[in-house]
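# Chains, contacts and geometry: an overview
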Amino acid sequence: MSIDPPSNGEFGRRTHPLQPIVPKTASEALRPEIGTPPPARSRASRSQFVVFLNFVVSSVILAVIVAGLVLFLGKRAFDGPGPSTTTTNFLVRPNTSLAEIAEQLERRGLISDSRIFRVGVRAYDKDAALKAGEYEIKAQASMRDIMDLMESGKSVLASLTIPEGLTVEQAFQRIAEHEALTGDMPTDMPPEGSLIADTQRFTRGTTRQQIVDKMMADQKRLVENIWKRRVSDLPLADINEFVTLASIVEKETGIADERSRVAAVFINRLNKGMRLQSDPTILYGLFGGKGRPADRPIYQSDIDKPTPYNTYVIKGLPPGPIANPGRESLEAVANPSKTKDLYFVADGTGGHVFATTLDEHNENVARWRAVQRKRAQEAAEAEKAANADDGTGTAPGATAQ
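Residues numbered from 1 in each chain as written. Predicted model: local features only at pLDDT ≥ 70, side-chain atom pairs only at ≥ 80, totals over all residues. Heavy atoms only, no water.

Let's shift gears to the overall build of the protein chain. Of regular secondary structure, the protein chain possesses 13 helices and six strands. In the protein chain, which comprises 401 residues, the share counted as buried stands at 33%. Expressed as a percentage of contacts within the protein chain between residues at least 6 apart in sequence, the contacts between residues at least 24 apart total 62%. For the protein chain, the exposed surface amounts to about 25500 Å²; the carbon and sulfur share of it is 54%. (Helix = DSSP H or I, 4+ residues; strand = E, 2+ residues; numbered from the N terminus. Buried < 20%, exposed > 50% of the residue type's maximum accessible area, 1.4 Å probe, protein only. Contact = heavy atoms within 4.5 Å. Areas by Shrake-Rupley, 256 points an atom, 1.4 Å probe, with all protein chains shown as cover.)

Okay, the packing of aromatic side chains next. Under the counting rule described, the total for this entry stands at six aromatic pairs. A centroid spacing of 5.8 Å and a plane angle of 25 degrees characterise the contact between Phe 78 and Tyr 124, whose relative ring orientation is stacked. In this pair, Phe 78 sits in helix α2 (residues 48-79) while Tyr 124 sits in the loop between α4 (114-123) and β2 (133-137), placing the two residues 46 residues apart along the sequence. Overall, Tyr 124 belongs to the partly exposed group, its relative accessible area being 29%. Grouped by ring-pair contacts, the aromatic residues Phe 78, Phe 117 and Tyr 124 constitute a single cluster. Its guanidinium or amino end placed over the ring of Trp 227, Arg 230 lies 3.6 Å from that ring's centre, counting from NZ or CZ. (Phe/Tyr/Trp six-rings, centres within 6.5 Å; stacked < 30°, edge-to-face > 60°. Lys NZ or Arg CZ within 6 Å of the ring centre and 35° of its normal.)

Below, the discussion takes up the side chain of Ser 194. Residue placement: Ser 194 occurs in the loop between α6 (168-177) and β4 (199-203). Judged by its relative accessible area of 16%, Ser 194 is buried.

In terms of nonpolar packing, the biggest core is built from 45 residues, with Leu 236, Phe 242, Leu 245, Phe 266 and Val 333 touching the most fellow members. Put simply, the parts of the chain that give this core at least two residues each are β3 (157-161), α6, α7 (208-228), α8 (239-252), α9 (259-272) and α12 (327-334). Sort the elements by how many residues they give to this core and α7 lands first, with seven residues. Apart from the residues within four sequence positions on either side, Leu 245 is in contact with Leu 236, Phe 266, Ile 267, Leu 270, Leu 317 and Val 333. In terms of nonpolar packing, the next biggest core, distinct from the first, is built from 20 residues, Leu 105, Ile 111, Tyr 135 and Met 147 among them. (Core = buried A, V, L, I, M, F, W, Y, C linked by side-chain atoms within 4.5 Å.)

So, on to the environment of Leu 181. Relative to the assigned elements, Leu 181 resides in the loop between α6 and β4. C-alpha of Leu 181 to C-alpha of Leu 160: the two residues are 21 residues apart in sequence and 9.7 Å apart in space. Here Leu 181 is in contact with Ile 175, Phe 202, Thr 206, Thr 207, Arg 208 and Ile 211, once residues within four sequence places are set aside.

Attention now moves to the packing of helix α3 (residues 98-107) against α4. Where α3 contacts α4, the axes come no closer than 8 Å and their chain directions differ by 140 degrees. Compared by their axis directions, α3 and α4 come out oblique. Crossing handedness for the pair α3 and α4: right-handed. Contacts between α3 and α4 involve Leu 98, Ala 99, Ile 101, Ala 102, Glu 103, Leu 105 and Glu 106 from the former and Ser 114, Phe 117, Arg 118, Val 121 and Arg 122 from the latter. (Axes fitted to C-alpha atoms, helices over the stretch in contact; angles between N-to-C directions. Parallel < 35°, antiparallel > 145°, perpendicular 65-115°, else oblique. Left-handed = near helix turned anticlockwise from the far one by under 90°.)

The next point concerns α9. The end-to-end C-alpha separation of α9 is 20 Å, in line with the 20 Å expected for 14 residues at 1.5 Å each. Burial within α9 is extensive, with ten of its 14 residues counted as buried. Three or more residues of α9 are buried, namely Arg 259, Val 262, Ala 263, Ala 264, Val 265, Phe 266, Ile 267, Asn 268, Arg 269 and Leu 270. Of the surrounding elements, those touching the buried residues of α9 are α8, α12, β5 (343-346) and β6 (352-355). Backbone geometry just downstream of α9 places Gly 273 in the positive-phi region, at approximately 75 degrees. (Expected span 1.5 Å × (residues − 1).)

Quick look at the structure:
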């Protein structure tokens, strides 16, 4: 068997010349060898366009992250509890912009940041839905709570009550004095009897003109509806006479159960051509819409004094109402009781006693006069006793100074 090394190219034969072995020191042997270098960057990766594109993509990603964070924090502030510690009333006047509302809320300490409120309201597309009014904002109400409240329009309502039987001038005085209303009173006073006797509820900042317009519209609607349901045989020429008689009934009695019977007395008298002889018409003829002073009695000379409203002097109804009648008086005239009564007089208990004949009426009047005399005597005795107790009594005929 041959043991000679294989020829060129055969197994076991070295193809490269042997390299001499160079001895290394211990430090060199421990030193790491240099690795394979990375491949050279391509020309495309070094272009300015690619660099710019990478910058844009990075900027967009960063902006999205920042925007998401801002949105998250803003929504948390918008939905989270507000800074207020007490329930507070807040007024939004008509035509107030969203920016003004937000700034006022921040100044009042009801929200933490007006900018977040503005952005939040616009994000929900509610900036045009916020309504004017006075709102009760609860303690720690969130910006979203406040937005929802103002969108609902559920504001705090003020009230103004005009009792039945007031004249237009007296009603105007109450409207003018109400502190929650704004604006001037109407220049021209509406006709007597044209304002509804009711309680008006409204938001703070409502104008006085708006209240008057509403009261007139409500009264017109009420009167027309009741007039349509009247009985067919009333001796009234038109709706003005209807309101006029209702106003007289209103001033004659404040007892609901009596109104239809008092109306029947006047209807019966009109049918018979008798004068109405109503004391409130005397007073309106003398004092007009201002009303009689509280301490002013009716004198006999007042009864005999001719005025367009004095139904002791004129025949039929006066030219117009003497007050604003309420619903019950209007209903009473539209559907009066079926009686033959022609007279009534006070009974001393707050109500009236009715009669069909003059003799019966005179007896009732006599009893009423007796009640008046008794009351006057009791009042005089009580005053005398009071004067005696405090040492200010005077001798008969003497004048107290």
